[in-house]
Amino acid sequence: MTDPSLALVVPAFNEAHRLGKTLPLMIEYLSAHQLNAELIVVDDGSEDGTAEVAAANFANETRVVARVIRFEENHGKGHAVRKGLLATQAPIAIFSDADLSTPISELPKIMDPIRAGDYDVVFGSRALNRKLLGKRQPWRREYGGRIFNYFVRWGTGLPFFDTQCGFKAFQMHRYRPLLEQAAIDGFGVDVELLFLARQAGLRLLECPVRWDHNEGSKVDLIRDSMRMLHDLGEIRRRFWSGQYNSAISAAKSTAAEGISVTPTSF
(Lines give C-alpha, C1' and ligand atoms only; values in the text may rest on other atoms or scores of the structure.)
Protein backbone atom coordinates (compact mmCIF):
# COMPACT_ATOMS: atom_id res chain seq x y z
CA MET A 1 0.00 0.00 0.00
CA THR A 2 1.29 3.48 -0.86
CA ASP A 3 1.93 6.12 1.76
CA PRO A 4 -1.34 7.55 3.11
CA SER A 5 -2.58 10.85 1.74
CA LEU A 6 -4.75 11.46 4.80
CA ALA A 7 -4.56 10.57 8.49
CA LEU A 8 -7.51 10.49 10.87
CA VAL A 9 -6.40 10.66 14.51
CA VAL A 10 -8.80 9.74 17.31
CA PRO A 11 -7.70 10.67 20.85
CA ALA A 12 -9.41 8.31 23.31
CA PHE A 13 -9.66 7.98 27.07
CA ASN A 14 -12.01 5.25 28.33
CA GLU A 15 -13.88 5.20 25.02
CA ALA A 16 -14.25 1.43 24.53
CA HIS A 17 -18.04 1.60 24.33
CA ARG A 18 -18.11 4.46 21.84
CA LEU A 19 -15.28 3.20 19.65
CA GLY A 20 -17.05 -0.14 19.23
CA LYS A 21 -19.74 1.83 17.39
CA THR A 22 -17.81 4.65 15.73
CA LEU A 23 -14.65 2.95 14.44
CA PRO A 24 -16.62 0.79 11.94
CA LEU A 25 -18.27 3.99 10.68
CA MET A 26 -14.90 5.67 10.21
CA ILE A 27 -13.40 2.67 8.45
CA GLU A 28 -16.38 2.27 6.15
CA TYR A 29 -16.40 5.94 5.18
CA LEU A 30 -12.65 6.15 4.55
CA SER A 31 -12.62 2.96 2.48
CA ALA A 32 -15.81 3.76 0.55
CA HIS A 33 -14.43 7.11 -0.57
CA GLN A 34 -11.01 5.64 -1.43
CA LEU A 35 -9.15 8.28 0.51
CA ASN A 36 -5.95 6.24 0.94
CA ALA A 37 -6.25 6.98 4.63
CA GLU A 38 -4.48 6.04 7.83
CA LEU A 39 -6.57 5.69 11.00
CA ILE A 40 -4.78 6.16 14.33
CA VAL A 41 -6.39 5.67 17.74
CA VAL A 42 -4.36 7.18 20.57
CA ASP A 43 -5.29 5.44 23.83
CA ASP A 44 -4.49 7.93 26.57
CA GLY A 45 -4.12 5.61 29.56
CA SER A 46 -7.59 4.07 29.39
CA GLU A 47 -8.73 1.52 31.95
CA ASP A 48 -11.72 0.08 30.08
CA GLY A 49 -10.11 -1.83 27.23
CA THR A 50 -10.12 1.03 24.73
CA ALA A 51 -6.91 -0.17 23.06
CA GLU A 52 -8.23 -3.73 22.85
CA VAL A 53 -11.49 -2.62 21.21
CA ALA A 54 -9.56 -0.57 18.66
CA ALA A 55 -7.14 -3.42 17.97
CA ALA A 56 -10.03 -5.84 17.47
CA ASN A 57 -11.60 -3.52 14.90
CA PHE A 58 -8.27 -3.20 13.10
CA ALA A 59 -7.19 -6.84 13.27
CA ASN A 60 -8.31 -7.96 9.82
CA GLU A 61 -8.65 -4.55 8.19
CA THR A 62 -6.99 -4.31 4.77
CA ARG A 63 -8.81 -1.34 3.26
CA VAL A 64 -7.41 1.29 5.65
CA VAL A 65 -4.02 1.46 7.35
CA ALA A 66 -5.02 1.36 11.01
CA ARG A 67 -3.07 1.24 14.27
CA VAL A 68 -3.24 1.97 17.97
CA ILE A 69 -0.81 4.10 19.96
CA ARG A 70 -1.11 3.38 23.67
CA PHE A 71 0.11 5.31 26.71
CA GLU A 72 -0.01 3.61 30.08
CA GLU A 73 -0.70 6.87 31.94
CA ASN A 74 -3.40 9.42 31.24
CA HIS A 75 -1.74 12.65 30.09
CA GLY A 76 -4.70 14.55 28.64
CA LYS A 77 -6.39 15.23 25.32
CA GLY A 78 -3.68 17.64 24.18
CA HIS A 79 -0.93 15.08 24.63
CA ALA A 80 -2.93 12.42 22.76
CA VAL A 81 -3.74 14.77 19.87
CA ARG A 82 -0.13 15.88 19.44
CA LYS A 83 1.31 12.36 19.59
CA GLY A 84 -1.23 11.10 17.08
CA LEU A 85 -0.68 13.91 14.60
CA LEU A 86 3.09 13.68 14.87
CA ALA A 87 2.98 9.91 14.30
CA THR A 88 1.77 10.19 10.72
CA GLN A 89 3.61 11.12 7.54
CA ALA A 90 0.39 11.92 5.68
CA PRO A 91 0.33 15.42 4.17
CA ILE A 92 -3.09 16.14 5.70
CA ALA A 93 -4.01 15.07 9.22
CA ILE A 94 -7.35 15.41 10.97
CA PHE A 95 -8.33 14.76 14.54
CA SER A 96 -11.84 13.82 15.52
CA ASP A 97 -13.52 13.14 18.84
CA ALA A 98 -14.19 9.45 19.44
CA ASP A 99 -17.95 9.92 19.71
CA LEU A 100 -18.29 11.41 16.20
CA SER A 101 -20.41 14.29 17.47
CA THR A 102 -19.48 15.75 14.12
CA PRO A 103 -20.33 12.94 11.66
CA ILE A 104 -17.47 11.54 9.62
CA SER A 105 -19.43 12.49 6.50
CA GLU A 106 -18.52 16.14 7.27
CA LEU A 107 -14.86 15.35 6.61
CA PRO A 108 -14.75 16.94 3.10
CA LYS A 109 -15.66 20.31 4.61
CA ILE A 110 -12.38 20.50 6.49
CA MET A 111 -10.25 18.39 4.15
CA ASP A 112 -11.04 19.81 0.72
CA PRO A 113 -9.97 23.44 1.36
CA ILE A 114 -6.52 22.15 2.36
CA ARG A 115 -6.30 19.78 -0.60
CA ALA A 116 -7.17 22.69 -2.88
CA GLY A 117 -4.23 24.64 -1.46
CA ASP A 118 -6.40 27.44 -0.11
CA TYR A 119 -5.88 26.91 3.64
CA ASP A 120 -3.41 25.37 6.08
CA VAL A 121 -5.75 24.75 9.02
CA VAL A 122 -9.51 24.16 8.74
CA PHE A 123 -11.64 23.49 11.78
CA GLY A 124 -15.26 22.70 12.46
CA SER A 125 -17.49 25.20 14.20
CA ARG A 126 -20.81 24.79 15.98
CA ALA A 127 -21.34 28.54 16.20
CA LEU A 128 -21.44 29.73 12.60
CA ASN A 129 -24.64 27.98 11.53
CA ARG A 130 -26.79 26.75 14.39
CA LYS A 131 -29.26 25.24 11.92
CA LEU A 132 -26.71 22.44 11.55
CA LEU A 133 -26.94 21.53 15.22
CA GLY A 134 -29.01 18.46 16.02
CA LYS A 135 -29.23 17.54 19.67
CA ARG A 136 -28.09 20.56 21.67
CA GLN A 137 -25.91 20.58 24.75
CA PRO A 138 -27.49 21.24 28.14
CA TRP A 139 -27.93 24.98 28.47
CA ARG A 140 -25.30 25.28 31.22
CA ARG A 141 -22.64 23.74 28.98
CA GLU A 142 -23.69 25.80 25.97
CA TYR A 143 -23.54 29.09 27.83
CA GLY A 144 -20.37 28.00 29.60
CA GLY A 145 -18.83 27.47 26.17
CA ARG A 146 -19.85 30.94 25.07
CA ILE A 147 -18.29 32.48 28.17
CA PHE A 148 -15.09 30.51 27.60
CA ASN A 149 -15.01 31.70 23.99
CA TYR A 150 -15.17 35.27 25.26
CA PHE A 151 -12.09 34.66 27.38
CA VAL A 152 -10.35 33.00 24.43
CA ARG A 153 -11.00 35.98 22.20
CA TRP A 154 -9.95 38.40 24.93
CA GLY A 155 -6.90 36.44 26.06
CA THR A 156 -5.45 35.39 22.71
CA GLY A 157 -6.87 37.74 20.11
CA LEU A 158 -8.26 34.81 18.12
CA PRO A 159 -11.28 36.04 16.12
CA PHE A 160 -13.09 32.68 15.99
CA PHE A 161 -16.48 31.79 17.45
CA ASP A 162 -15.81 28.15 18.33
CA THR A 163 -12.31 26.89 19.07
CA GLN A 164 -13.38 23.73 20.92
CA CYS A 165 -15.16 21.61 18.32
CA GLY A 166 -13.20 18.36 18.08
CA PHE A 167 -12.90 18.27 14.30
CA LYS A 168 -9.76 19.93 12.92
CA ALA A 169 -7.56 19.43 9.85
CA PHE A 170 -3.92 20.44 9.28
CA GLN A 171 -1.56 20.77 6.34
CA MET A 172 1.20 18.89 8.10
CA HIS A 173 4.26 20.18 6.22
CA ARG A 174 3.49 23.68 7.44
CA TYR A 175 2.00 22.78 10.79
CA ARG A 176 4.46 20.14 12.07
CA PRO A 177 6.99 22.63 13.56
CA LEU A 178 4.22 24.08 15.72
CA LEU A 179 3.09 20.68 16.94
CA GLU A 180 6.63 19.82 17.96
CA GLN A 181 6.72 22.75 20.38
CA ALA A 182 3.10 22.84 21.54
CA ALA A 183 2.80 21.93 25.21
CA ILE A 184 -0.80 22.09 26.46
CA ASP A 185 -1.89 18.62 27.56
CA GLY A 186 -5.48 19.41 28.55
CA PHE A 187 -8.59 20.64 26.76
CA GLY A 188 -6.87 23.98 26.07
CA VAL A 189 -5.01 22.21 23.25
CA ASP A 190 -7.54 23.46 20.69
CA VAL A 191 -6.80 27.06 21.57
CA GLU A 192 -3.04 26.52 21.53
CA LEU A 193 -3.11 24.85 18.11
CA LEU A 194 -5.12 27.68 16.55
CA PHE A 195 -3.17 30.39 18.35
CA LEU A 196 0.17 29.07 17.11
CA ALA A 197 -1.14 28.78 13.56
CA ARG A 198 -2.36 32.36 13.68
CA GLN A 199 0.95 33.62 15.04
CA ALA A 200 2.83 31.79 12.30
CA GLY A 201 0.75 33.43 9.59
CA LEU A 202 -0.86 30.21 8.43
CA ARG A 203 -4.21 30.39 6.63
CA LEU A 204 -7.09 29.38 8.91
CA LEU A 205 -10.72 28.69 8.08
CA GLU A 206 -13.53 28.24 10.62
CA CYS A 207 -16.12 26.05 8.91
CA PRO A 208 -19.72 25.33 10.02
CA VAL A 209 -20.36 21.61 10.53
CA ARG A 210 -23.15 19.34 11.65
CA TRP A 211 -22.95 18.42 15.31
CA ASP A 212 -24.94 16.46 17.87
CA HIS A 213 -24.41 16.36 21.62
CA ASN A 214 -23.61 12.89 22.91
CA GLU A 215 -24.27 11.88 26.48
CA GLY A 216 -21.39 10.76 28.63
CA SER A 217 -19.03 13.65 27.98
CA LYS A 218 -15.93 13.57 30.17
CA VAL A 219 -15.83 17.36 30.41
CA ASP A 220 -16.80 18.64 33.85
CA LEU A 221 -18.18 22.15 33.40
CA ILE A 222 -16.67 23.76 36.51
CA ARG A 223 -13.47 21.73 36.92
CA ASP A 224 -12.48 21.75 33.27
CA SER A 225 -13.47 25.39 32.73
CA MET A 226 -10.97 26.34 35.44
CA ARG A 227 -8.33 24.12 33.85
CA MET A 228 -8.91 25.65 30.44
CA LEU A 229 -8.60 29.16 31.87
CA HIS A 230 -5.32 28.04 33.40
CA ASP A 231 -4.29 26.76 29.96
CA LEU A 232 -5.05 30.18 28.46
CA GLY A 233 -2.74 31.76 30.99
CA GLU A 234 -0.06 29.19 30.19
CA ILE A 235 -0.34 29.88 26.44
CA ARG A 236 0.12 33.61 27.08
CA ARG A 237 3.06 32.97 29.41
CA ARG A 238 4.81 30.70 26.94
CA PHE A 239 4.24 33.19 24.12
CA TRP A 240 5.54 36.21 25.99
CA SER A 241 8.53 34.29 27.35
CA GLY A 242 9.52 33.32 23.81
CA GLN A 243 9.07 29.57 24.23
CA TYR A 244 7.11 29.36 20.96
CA ASN A 245 9.45 31.57 18.95
CA SER A 246 11.51 28.90 17.20
CA ALA A 247 8.41 26.91 16.25
CA ILE A 248 6.65 29.98 14.89
CA SER A 249 9.73 30.95 12.88
CA ALA A 250 10.05 27.44 11.46
CA ALA A 251 6.37 27.34 10.47
CA LYS A 252 6.62 30.77 8.84
CA SER A 253 9.51 29.55 6.72
CA THR A 254 7.34 26.77 5.29
CA ALA A 255 4.42 29.03 4.41
CA ALA A 256 3.61 29.55 0.74
CA GLU A 257 5.48 32.43 -0.86
CA GLY A 258 3.43 35.55 -1.16
CA ILE A 259 0.95 34.71 1.58
CA SER A 260 0.98 37.20 4.41
CA VAL A 261 -1.30 37.09 7.44
CA THR A 262 -0.68 39.57 10.22
CA PRO A 263 -0.22 37.73 13.54
CA THR A 264 -2.54 38.61 16.39
CA SER A 265 -1.25 40.95 19.08
CA PHE A 266 -2.62 41.19 22.60
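The structure we're discussing is the one just above.
Summarised in this report is the structure supplied together with it. (Residues numbered from 1 in each chain as written. Predicted model: local features only at pLDDT ≥ 70, side-chain atom pairs only at ≥ 80, totals over all residues. Heavy atoms only, no water.)

### Section: the pairing of strand β3 (residues 65–71)
Along any regular strand, the residues point their side chains to alternate faces of the sheet. Pairing of strand β2 (residues 37–44) with β3, which is carried by seven bridges, proceeds in the parallel orientation. Across the sheet, V42 pairs through a bridge with I69, a residue of β3. With respect to chirality, the unit in which β2 leads through helix α2 (residues 50–58) into the neighbouring parallel β3 is right-handed. (Pairing = 2+ DSSP bridges. Helix = DSSP H or I, 4+ residues; strand = E, 2+ residues; numbered from the N terminus. Right-handed = clockwise from strand over helix to strand, strands pointing away.)

### Overview of the nonpolar core
The nonpolar side chains of a soluble globular protein tend to be buried with one another. L85, V121, F170, Y175, L178, L193 and L196 are the most contacted members of the largest nonpolar core, which totals 43 residues. By residue number, the principal contributor to this core is helix α7 (residues 189–199), which donates seven residues. Counting residues in each nonpolar core, the second largest holds 34 residues, with A12, L30, L107 and A169 among its members. (Core = buried A, V, L, I, M, F, W, Y, C linked by side-chain atoms within 4.5 Å. Buried < 20%, exposed > 50% of the residue type's maximum accessible area, 1.4 Å probe, protein only.)

### Some points on the environment of Q199
Relative to the helices and strands, Q199 is located in helix α7. Overall, the relative accessible area of 5% leaves Q199 in the buried class. Counting along the chain gives 52 residues from Q199 to A251, while the straight-line C-alpha distance between them is 9.5 Å.

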